[in-house]
Amino acid sequence: MVALLRDHDVVTAALETGVDTTTGEGVADAVAGADVVIDVTNRAVFDPEVVMDFFTTSTHTLLDAERQAGVRHHVVLSIVGVDRLSYPGYLDAKKAQERLVADSGVPFTTVRSTQFFENLTAMGTGAAQGGVIVLPTADLQPIAAADVATTVADVATSAPLNSVVEIAGPERGAFTRLIAPVLAAHGDHRPVRSDAAAGYFGVPIVPDSLVPLGPARLGRTTFEDWSTTTLETT
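Notes on the structure in this doc start here. (Residues numbered from 1 in each chain as written. Predicted model: local features only at pLDDT ≥ 70, side-chain atom pairs only at ≥ 80, totals over all residues. Heavy atoms only, no water.)

### Considerations on unusual backbone geometry
Across residues other than glycine, the phi torsion is negative in most instances, and most of the peptide bonds are trans.
Now for step 1: In this structure, asparagine 162 is a non-glycine residue whose phi angle is positive, near 50°.
Now for step 2: Its identity is not glycine, yet phenylalanine 201 carries a phi of approximately 50°, on the positive side.
Now for step 3: By relative accessible area, phenylalanine 201 is classed as partly exposed at 42%. (Buried < 20%, exposed > 50% of the residue type's maximum accessible area, 1.4 Å probe, protein only.)

### Observations regarding helix 2 (residues 48-69)
Now for step 1: When the terminal C-alpha atoms of helix 2 are compared, their 32 Å separation across 22 residues agrees well with the 32 Å that a helix rising 1.5 Å per residue should span.
Now for step 2: Regarding helix 2, the residues found buried are Val51, Phe54, Phe55, Thr56, Ser58, Thr59, Thr61, Leu62, Leu63, Ala65 and Glu66.
Now for step 3: In this structure, the buried residues of helix 2 make contact with helix 1 (27-31), strand 1 (36-39), strand 2 (73-79) and helix 3 (90-102).
Now for step 4: For helix 2, the side-chain oxygen to backbone nitrogen distance between the N-cap and glutamate 49 is 3.1 Å, and the N-cap itself is aspartate 47.
Now for step 5: Note on helix 2: the residue one or two positions beyond its end, glycine 70, has a positive phi of about 75°. (Helix = DSSP H or I, 4+ residues; strand = E, 2+ residues; numbered from the N terminus. Expected span 1.5 Å × (residues − 1). Contact = heavy atoms within 4.5 Å. Polar contact = N/O pair within 3.5 Å; in protein donor to acceptor, adjacent residues only side chain to side chain.)

### Description of the side chain of threonine 109
Now for step 1: Of note, threonine 109 is situated in strand 3 (residues 108-113).
Now for step 2: A distance of 2.9 Å separates polar atoms of two side chains, one belonging to threonine 109 and the other to histidine 73.
Now for step 3: Within the local environment of threonine 109, its side chain forms a polar contact with the backbone nitrogen of leucine 161, the two atoms lying 3.1 Å apart.
Now for step 4: The contact partners of threonine 109, leaving out residues within four places of it in the chain, are His73, His74, Val75, Val76, Val155, Ala159, Pro160, Leu161, Asn162, Ser163 and Val165.

### Description of the nonpolar core
Now for step 1: Membership of the largest hydrophobic core comes to 24 residues, with the highest contact counts inside it found for Leu120, Leu140, Phe175, Ile179 and Ile205.
Now for step 2: Listing elements by their share of this core, those giving two or more residues are helix 4 (120-125), strand 5 (132-136), helix 6 (175-185) and helix 7 (223-230).
Now for step 3: Ranked by residues supplied to this core, first place goes to helix 6 with five residues.
Now for step 4: The contacts of leucine 140, once residues within four sequence positions are left out, are Leu120, Met123, Glu171, Arg172, Gly173, Phe175, Leu178, Ile179, Leu210 and Val211.
Now for step 5: Among the nonpolar cores identified, the runner-up in size contains ten residues, and Val75, Val148, Val152 and Val165 belong to it. (Core = buried A, V, L, I, M, F, W, Y, C linked by side-chain atoms within 4.5 Å.)

What follows is the structure, given as structure tokens:
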């Protein structure tokens with residue numbers, strides 16, 4: 001994403017650059033003089049208390065520093081469906097993060113994305129039950145990470161909407177249709193089947209839970225394009 005913003009002065013704030021949004025270390029210096037802050041902080045854990053503490057603490061820290069610095073646009077990356085799903089753990093923590101941003105007084109845009117193509121392998125292996133991959137009877141509309149970065153960069157260089165933008169890939173399809181060939185390309189040939197009772201990392205879902213229900217900005221990369229350029233080189 002930094003390359004997409006090469007016409008702007010960009011400061012990368014991360015643990016590697018001495019910025020910790022959970023302790024506050026380096027945050028004030030990082031946002032000083034900034035017009036826009038793009039928040040893509042993440043902690044991929046599913047313990048409800050741990051992940052809630054991470055997102056609320058990190059977001060409070062950022063927003064407090066932004067108010068002091070006079071930041072004019074806070075962009076946060078979130079998840080399509082988070083407003084419709086409630087489940088202790090990651091989803092509820094992201095929902096809490098969205099609320100903090102919306103109530104902060106800092107002009108904002110929330111970008112909700114569908115799952116990335118790059119996460120399909122982990123989604124499949126995480127659904128293993130013994131020697132079988134058991135996937136929900138639901139749809140996905142995955143998007144390439146590069147397309148997400150392009151949209152987030154575009155949003156960041158535009159006026160804040162004080163609202164939500166949803167983004168997704170150009171094609172919608174069943175879990176099994178999208179995940180089975182990805183697993184096979186990585187040498188995982190376990191049987192793949194669908195089950196209406198199967199959840200999404202433990203979260204109960206219905207067919208439309210993880211896809212946009214209203215207007216969405218669509219990425220340009222199709223599943224076939226991504227598969228051809230990515231899977232065939234693995």
